[in-house]
Structures are given as C-alpha cells and as structure tokens.
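Here is what each chain is made of, one letter per residue.
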Amino acid sequence: MLNKVFDKDVAMTEFGISSPESVLGFTNRNVPPYISALIPERNPDYVFQTQQLGIMSIWWEAAPDEPLFISGPHGSGKTSFVNQFCARVGAPVVSLTARSRLDRTDLIGHYIIDKDKTMRFVDGPLTRAWRHGMVLLINEMSAAPADLWLSVNELLEGAPLFIEATGEVVKKHPRARIVMTDNIRGMTDDGNGLYLGRHLQDPAVMDRCWKLRMEYIDEESETALLESRIPDVEVHGIELPVWKKQFAQRLCAAANKVREAYFGSHDVQPIEATISTRVLLRLKDLLIISGRTKELSVKDALNWALRIALTEAVDKTSALTIQKIVEAELGNICSHLAAP
Ligand SMILES: Nc1ncnc2c1ncn2[C@@H]1O[C@H](COP(=O)(O)OP(=O)(O)O)[C@@H](O)[C@H]1O
Ligand SMILES: [Mg+2]
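Just so we're clear, the structure is a prediction, and the values are computed from it rather than from any experiment.

1. Considering the pairing of strand 3 (residues 68-71)
Now for step 1: Neither face of strand 3 is exposed, since Leu68 and Ile70 on one face and Phe69 and Ser71 on the opposite face are all buried.
Now for step 2: Bridge count between strand 3 and strand 11 (residues 210-213): 4 bridges; the pairing is parallel. The partner of Ser71 across the bridge, within strand 11, is Arg213.

Listed below in structure tokens is the structure:
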C-alpha cells in the first residue's frame, strides 16, 4: 500500500527480521543533498527487537500527526533505534537533546547577524522538520521543563507553525514526524529517583503521544551483538570462535545479573549503577586490551577494565557488588588472550 507520502516498501529482512512483511519508506529520488545528508548511516549490527519494531512500524504508517514517546533505561538503544529505523526507511533526521533552559526559540529559530551585517532568520530544528519533512528526534525530553512542551502542544498534533519573528506560517510537511525519547516514563519517575534534574511532564502533552517501551535487548540478541563486535585476536588453548562465543555469553550473563541487582528485588538492596548495552560494548573492548597485557593478573586486568568502563563513577558499595558479579561470571575466560 503506497500512498502519496511513502513511495517504497522496505522489507523486514532489512531490519534483520525474517518475515515476509514490509514497512513503508522513501526512495528519496529528487531530494536535495542538504536533506538526504541527514538520513542516518545504516549500522548493520543494530539489533531490532520484534515487538518494538512492530509498534514503530504501525505508528510510522498510521499516525503522522501524533508524536511517538520512547521510554526506557539509559543505553538501551532508544536513540539508535530511531536512527537505525530511519536509516532503513530513508527518512532524514534532525535531532536535539533537551536541557532545562531549552525554550521555544531553540525549537523554532532565531535571527542571526550575517557577515554583511544583515539580519537573517535561521530555522530551528522543529521548523526544519516542518518545512522539509524530516523526523525531529528530541532526546531526553524530560530534561526540559513541562511548560515548554505544553507551549508547542498544537504542533505536536501537526498544526501549522507560526513564526512570530517573521510572520511566516509553515504548514507541516506530510513527512514531518516527532519522536521523543526519555529515561523516565513521562509522568512517573520509575520509583527509584535515579535520574536527576528531570521534569515530570504535563498529562496534556503525554496524552498526545504513542508510547513505546524499550528494555535492554534480550540475552540471546545481546550475546550475538557482542560476538559480532569482537575483533579477531589471538587466543591460546581454545579455538577463536569458541572463545568469542563464551566470552560474549559470560559478559551478557554478568550484565544481566548486574541489571537484576540494579532494579532490586525484595531481598536485595538495589545498587546505584547498571551495565547498559553501551557500557557492555565498551567493557568488552577494555577487557580485551587489559587481558592482552600480561603484566596484570586476571583479577587486576578485569578490575582495570571495569573501573574505566563504569565503576570509577559509582559509589563504593555498588562498585564492589558489580565487581563481584562480573568476576564470578567471567571466571578465567580472559586468560586465554595472547599478548599482542
Ligand atoms: N539493540 C542494539 N543493537 C546494537 N547496538 C545497541 C543496541 N542497543 C544499544 N546499542 C549500543 O548502545 C549504544 C547506546 O545506545 P543509545 O541508542 O544511545 O541508547 P539510549 O538512547 O537508550 O541511551 C549505541 O551506540 C549502540 O552501540
Ligand atoms: Mg539516547
């Protein structure tokens, strides 16, 4: 079903999902380079979760005038999910990260003084999305105060944009879309109060959005992701593919134990930091570096990597808990690494 907005079918296999279905996208023929340059670069290793991709695809095809709100823990892949979806459907993305002093002019635009001393109006990200038909990606939306989003409420619904400074009215391009991501759920803070400086949002704003919840990817996919990102290093006493698989499996098992401790359970005190997919990928690289440095014992090499990847910025008790979990799960797997 192609319509006047979309002009292409993108197979689900493009997203790494084996399904005969497809999602609508753009061919981008006749699109000027300053717009096509904003189509994100495709990362072939990005792992899509079937459920989240399903919701995204329905929203994409069915709700052009409603924003999508994606919540989920930090480093769970919210921002990259949007960029990687857009890379595959061929949608240009203009992004910004919210902050407490963000105001309407940061979204809509402002005058600058040009080299020849004339005043010129420069479109903000919302205006660019409206004018040229781009996806406006607002990261960490609750870092901005609730009244900012309330002040652009009618735009969230796809209304024309009136630029007070120039008197221009910009009608929403049929391809313009809004996606917001956040660590908190919008109207509640997930109960543990771990995100500082966040503003609870107005129900009138949240009411207008489709909601998508992102969690860390499942253990099997995360293991496959890690495995695909391990370089061909030299190992002894074990075949390299076997080592890669075991190393990835043990790292993911460790990450999942740490995440359980972070979210807490009735009998354990929650710890204050967790291992996101982002941290896990970094830890993997650091473990390979330290494991190949033969001056360090296995334990010291692990701790060096863990401190740099995560725990140097974490309270002592949490750091120790994380260290114990990772040590127990990894065992002596890094001792197979040969010196470079
Ligand atoms: N599903 C995934 N597939 C591949 N890489 C991922 C995935 N989720 C997270 N990552 C990795 O973690 C990093 C952080 O993800 P990001 O999208 O910035 O998270 P968030 O916006 O939720 O904080 C990405 O750059 C990517 O390397
Ligand atoms: Mg993000």
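2. Quick notes on the site of ligand 1
Now for step 1: Lining the immediate surroundings of ligand 1 are 16 residues, of which Val47, Gly75, Lys78, Thr79 and Ser80 lie closest.
Now for step 2: Between ligand 1 and the protein, one listed contact pairs an oxygen atom with a backbone N or O atom of Gly77 at 3.1 Å.
Now for step 3: Here Thr79 contributes a side-chain N or O atom positioned 2.8 Å from an oxygen atom of ligand 1.
Now for step 4: For ligand 1, the protein covers 86% of the area, taking 560 Å² as the surface of the free molecule.
Now for step 5: Counting only elements with at least two residues in the shell around ligand 1, the list comes to helix 3 (78-89) and helix 11 (277-291).
Now for step 6: Looking at the shell around ligand 1 residue by residue, the classes come out as 6 nonpolar, 7 polar and 3 charged.
Now for step 7: Taken domain by domain, the makeup of the shell around ligand 1 includes at least three residues from each of domain 1 (8-213) and domain 2 (219-336).

3. Looking at the confidence of the model for the chain
Now for step 1: Residues with a pLDDT of 70 or more make up 94% of the chain, whose mean pLDDT is 91.
Now for step 2: The least confident element of the chain, judged by mean pLDDT, is helix 8 (residues 203-206) at 84; the most confident is helix 3 at 98.

4. Looking at helix 13 (residues 316-330)
Along an α-helix, residues three or four positions apart point the same way, because every turn accommodates 3.6 residues.
Now for step 1: Between its first and last C-alpha atoms helix 13 spans 21 Å; for 15 residues at 1.5 Å apiece the expected length is 21 Å, and the two agree.
Now for step 2: Within helix 13, burial applies to Ser318, Ala319, Ile322, Ile325, Val326 and Leu330. In a view along the axis of helix 13, the buried residues occupy a sector of 130 degrees, so they form one face of it. Facing away from the buried side of helix 13 by more than 90 degrees, the exposed set consists of Lys316, Thr317, Lys324 and Ala328.

5. Some words on the packing of helix 10 (residues 240-263) against helix 13
Now for step 1: Interhelical geometry of helix 10 versus helix 13 gives an angle of 150 degrees and a closest axis separation of 8 Å. As far as their axial angle goes, helix 13 and helix 10 are roughly antiparallel. Regarding helix 10 and helix 13, the two cross each other, and that crossing is right-handed. Contacts between helix 10 and helix 13 involve Arg250, Leu251, Ala253, Ala254, Lys257, Val258 and Ala261 from the first element and Ile322, Ile325, Val326, Glu329 and Leu330 from the second.
Now for step 2: The residue makeup of the contact of helix 10 with helix 13, split by class, is 9 nonpolar, no polar and 3 charged.

Reading guide: rules and limits
Residues numbered from 1 in each chain as written. Chains lettered and ligands numbered in written order. Predicted model: local features only at pLDDT ≥ 70, side-chain atom pairs only at ≥ 80, totals over all residues. Heavy atoms only, no water. Buried < 20%, exposed > 50% of the residue type's maximum accessible area, 1.4 Å probe, protein only. Helix = DSSP H or I, 4+ residues; strand = E, 2+ residues; numbered from the N terminus. Pairing = 2+ DSSP bridges. Near = heavy atom within 4 Å. Polar contact = N/O pair within 3.5 Å; in protein donor to acceptor, adjacent residues only side chain to side chain. Areas by Shrake-Rupley, 256 points an atom, 1.4 Å probe, with all protein chains shown as cover. Nonpolar A, V, L, I, M, F, W, Y, C, P; charged D, E, K, R; others polar. Domains from an automatic or database assignment. pLDDT = per-residue confidence, 0-100. Expected span 1.5 Å × (residues − 1). Arc of directions from axis to C-beta. Axes fitted to C-alpha atoms, helices over the stretch in contact; angles between N-to-C directions. Parallel < 35°, antiparallel > 145°, perpendicular 65-115°, else oblique. Left-handed = near helix turned anticlockwise from the far one by under 90°. Contact = heavy atoms within 4.5 Å.

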